[in-house]
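Here's the letter readout for the chains.
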Amino acid sequence: MSAPLLLGIETSCDETSAAVLRGESELLGHVILSQDVHEVYGGVVPELAARAHLQRIDEVVAAALDQAGTRITDLDAIAVTSGPGLIGALLVGVSWAKAAAFALDRPLIAVHHMEAHLFGPALENPDAHPPFVALLVSGGHTLLLHASEWGRYQLLGETRDDAAGEAFDKVAKMLGLPYPGGPAIERAALEGKADHFNLPRPMVRGNQGPDDDDWFDFSFSGLKTAVATLVRTLDRAGTLDRERNHVAAAFQEAAVDVLAIKTMRAVDHTGCRRVLLGGGVSANRRLREEIAVRLGSDGDVLRASPRLSLDNGAMVARAGLFRLQRGDRAELDLSADASLPFPGLIRRRR
Ligand code: KG4
Ligand code: ZN
């Protein structure tokens, strides 16, 4: 029997995406449509996201099938992100997938969006499998975990307030940079000096130890407030235009520093020197470099290309294959869940 052919559908936020995947890594068709309706608002407007998904999902799936040269009836299973994410947006993908699974009489697989991000690197790198320490950094989540095998994850740390990507987006907005903020900050930072301003490293203290509650956890709201205060001061002094790139660089440096410090604590704690970077923020070059430098030559950084780091249907299909092979099936009464718990995730006992 040939390897299963999966359709992966992703509509949890502002990318409408579909992928046709044969087996573990033969990506036959992949279409990612980034919604531009949110740009004028400087952030994702949930109702507009849902409507845009609804308008484009048929053609996005059709284009992915067309690219793959497959008919919809060739598919062996349909995988879809059922959470977490924006509820109206998720429902579009889930409804589409349920209808297709019912009409074709194929298994329906519900995929957790953040578990899908864990599978992103595996699409391009056959070595990107557990054990690894994973830093998952997106617009809605910041998770530090240890994966001993696929489906078994130990949560070490998470954000107590804003997600890392959210901080990039909000700081970009303060600086008058476009949405999404991450790539805009990264570009601006290339023209600025990171040490021009000194910004705080939240939840990193000199007297902190591995038994402390916040040893692995993150917080980005204090950093965001520090940037807001700095921006206000510069604005009043009339120097913001001149200093913008320096602020972007200093913010990026502070965020990357905290992410790298906590990741290395997880490496030391687990003794595992394989670090997987997933989620939109893992497209950040400075972050990738910093983790690689701190890990050194006896460590491995497992990551996807930027296209597969950001939201996409391919990672959903890949995570769906794992769930299919495990025998996990969703029923046709599947619903979207905006705060779906991460499957197989257990908390670290302190
Ligand atoms: O995983 P993702 O595409 O969507 C969610 O699941 O949220 O992540 C989107 C987030 C946004 O906050 C975006 O600003 C951030 O990833 N991002 C970046 C970069 N590219 C995207 N952050 C920093 N540097 C980047 N190059
Ligand atoms: Zn994502």
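Structural notes, computed from the coordinates.

What counts as what
Residues numbered from 1 in each chain as written. Chains lettered and ligands numbered in written order. Predicted model: local features only at pLDDT ≥ 70, side-chain atom pairs only at ≥ 80, totals over all residues. Heavy atoms only, no water. Helix = DSSP H or I, 4+ residues; strand = E, 2+ residues; numbered from the N terminus. Rg over C-alpha atoms; globule rule 2.2 N^0.38 Å. Buried < 20%, exposed > 50% of the residue type's maximum accessible area, 1.4 Å probe, protein only. Contact = heavy atoms within 4.5 Å. Areas by Shrake-Rupley, 256 points an atom, 1.4 Å probe, with all protein chains shown as cover. Lys, Arg positive; Asp, Glu negative; His and termini not counted. Charge placed at Lys NZ, Arg CZ, Asp CG, Glu CD. Phe/Tyr/Trp six-rings, centres within 6.5 Å; stacked < 30°, edge-to-face > 60°. Salt bridge = Lys/Arg side-chain N within 4 Å of Asp/Glu carboxyl O. Donors = N, O, S within 2.8 Å, 3.2 Å for Na, K, Ca; no water. Near = heavy atom within 4 Å. Polar contact = N/O pair within 3.5 Å; in protein donor to acceptor, adjacent residues only side chain to side chain. Nonpolar A, V, L, I, M, F, W, Y, C, P; charged D, E, K, R; others polar. Domains from an automatic or database assignment. Axes fitted to C-alpha atoms, helices over the stretch in contact; angles between N-to-C directions. Parallel < 35°, antiparallel > 145°, perpendicular 65-115°, else oblique. Left-handed = near helix turned anticlockwise from the far one by under 90°. Pairing = 2+ DSSP bridges.

**Focus on the overall build of the protein**
Alright, step 1. From N to C terminus, the protein includes ten helices and eleven strands.
Alright, step 2. In terms of overall size, the protein behaves like a compact globule, its C-alpha atoms giving a radius of gyration of 20 Å where 350 residues would be expected to give roughly 20 Å.
Alright, step 3. Across its three principal directions, the C-alpha atoms of the protein cover 65 × 45 × 30 Å.
Alright, step 4. By residue count, 55% of the 350 residues in the protein fall in the buried class.
Alright, step 5. In the protein, the share of contacts with a sequence separation of at least 24, taken over all contacts with a separation of at least 6, comes to 73%.
Alright, step 6. If you sum the accessible surface of the protein, you get close to 15000 Å²; carbon and sulfur atoms cover 49% of it.
Alright, step 7. One finds the centroid of the 37 positive side-chain charges in the protein at a distance of 3 Å from the centroid of its 46 negative side-chain charges.

**Description of the packing of aromatic side chains**
The relative placement of two aromatic rings is captured by the distance of their centres and the angle of their planes.
Alright, step 1. One pass over the structure, following the stated rule, counts six aromatic pairs.
Alright, step 2. When the ring of phenylalanine 218 is compared with that of phenylalanine 220, the centres are 6.2 Å apart and the planes differ by 10 degrees; the resulting orientation is stacked.
Alright, step 3. Given the relative accessible area of 0%, phenylalanine 218 is considered buried.
Alright, step 4. Under the relative-accessibility criterion, phenylalanine 220 is labelled buried at 1%.

**Describing the pattern of salt bridges**
Alright, step 1. Scanning the entire structure with this criterion turns up 19 salt bridges.
Alright, step 2. With a shortest N-O distance of 2.9 Å, arginine 205 and aspartate 214 are connected by a salt bridge.
Alright, step 3. Owing to a relative accessible area of 13%, aspartate 214 belongs among the buried residues under this scheme.
Alright, step 4. Because the salt bridges share partners, they merge into one network encompassing Arg201, Glu253, Asp257, Arg286, Glu289, Glu290 and Arg294.

**Regarding the coordination of the zinc ion (ligand 2)**
Alright, step 1. The protein atoms that coordinate the zinc ion (ligand 2) are His113 (NE2), His117 (NE2) and Asp311 (OD), at distances spanning 2.0 to 2.1 Å.
Alright, step 2. Sequence positions of the residues that donate to the zinc ion (ligand 2) give the spacing H-x3-H-x193-D. With a gap of four residues between them, histidine 113 and histidine 117 both fall in helix α3 (residues 113-119), about one helical turn apart. Grouping residues by exposure puts histidine 113 and histidine 117 together as buried.

**Examining the site of ligand 1**
Alright, step 1. Around ligand 1 there are 20 residues in total, and Gly139, Asp169, Gly182, Glu186 and Asp311 lie nearest to it.
Alright, step 2. Glycine 165 has a polar backbone atom sitting 3.1 Å from an oxygen atom of ligand 1.
Alright, step 3. Measuring from an oxygen atom of ligand 1, one finds a backbone N or O atom of glycine 182 at 2.9 Å.
Alright, step 4. Expressed as a share of its isolated accessible area of 550 Å², the protein-covered part of ligand 1 is 91%.
Alright, step 5. The dominant element in the shell around ligand 1, judged by the number of residues it contributes, is helix α5 (residues 181-190), at four residues.
Alright, step 6. In terms of residue class, the shell around ligand 1 is built from six nonpolar, eleven polar and three charged.
Alright, step 7. If you count residues domain by domain, the shell around ligand 1 takes at least three from each of domain 1 (5-119 + 309-347) and domain 2 (129-303).

**Some details on the packing of α5 against helix α7 (residues 240-270)**
Alright, step 1. In contact at an axis separation of 7 Å, α5 and α7 are set at 115 degrees when each is read in the N-to-C sense. As far as their axial angle goes, α7 and α5 are roughly perpendicular. Note on packing geometry: the crossing formed by α5 with α7 is left-handed. Judged by residue contacts, Ile185, Glu186, Ala188 and Ala189 of α5 engage Asn245, Ala248, Ala249, Phe251 and Gln252 from α7.
Alright, step 2. Looking at the contact of α5 with α7 residue by residue, the classes come out as six nonpolar, two polar and one charged.

**Quick look at the sheet that holds strand β10 (residues 300-303)**
Alright, step 1. Read across the sheet, six strands follow the order β10-β9-β6-β7-β8-β11 without closing on themselves; strand pairing throughout is mixed. Each end of this open sheet is capped by a strand with a single partner; those strands are β10 and β11 (345-347). Across the sheet, the mean angle from the axis of one strand to that of its neighbour is 30 degrees, orientation sign disregarded.
Alright, step 2. Taken together, the six bridges between strand β6 (residues 132-137) and strand β7 (residues 142-149) define a ladder with antiparallel strand orientation. What sits directly across from leucine 135, in β7, is leucine 144.
Alright, step 3. Running at roughly 155 degrees to β6, α7 makes contact with β6, β7, β8 (152-158) and β9 (274-278) of the sheet.

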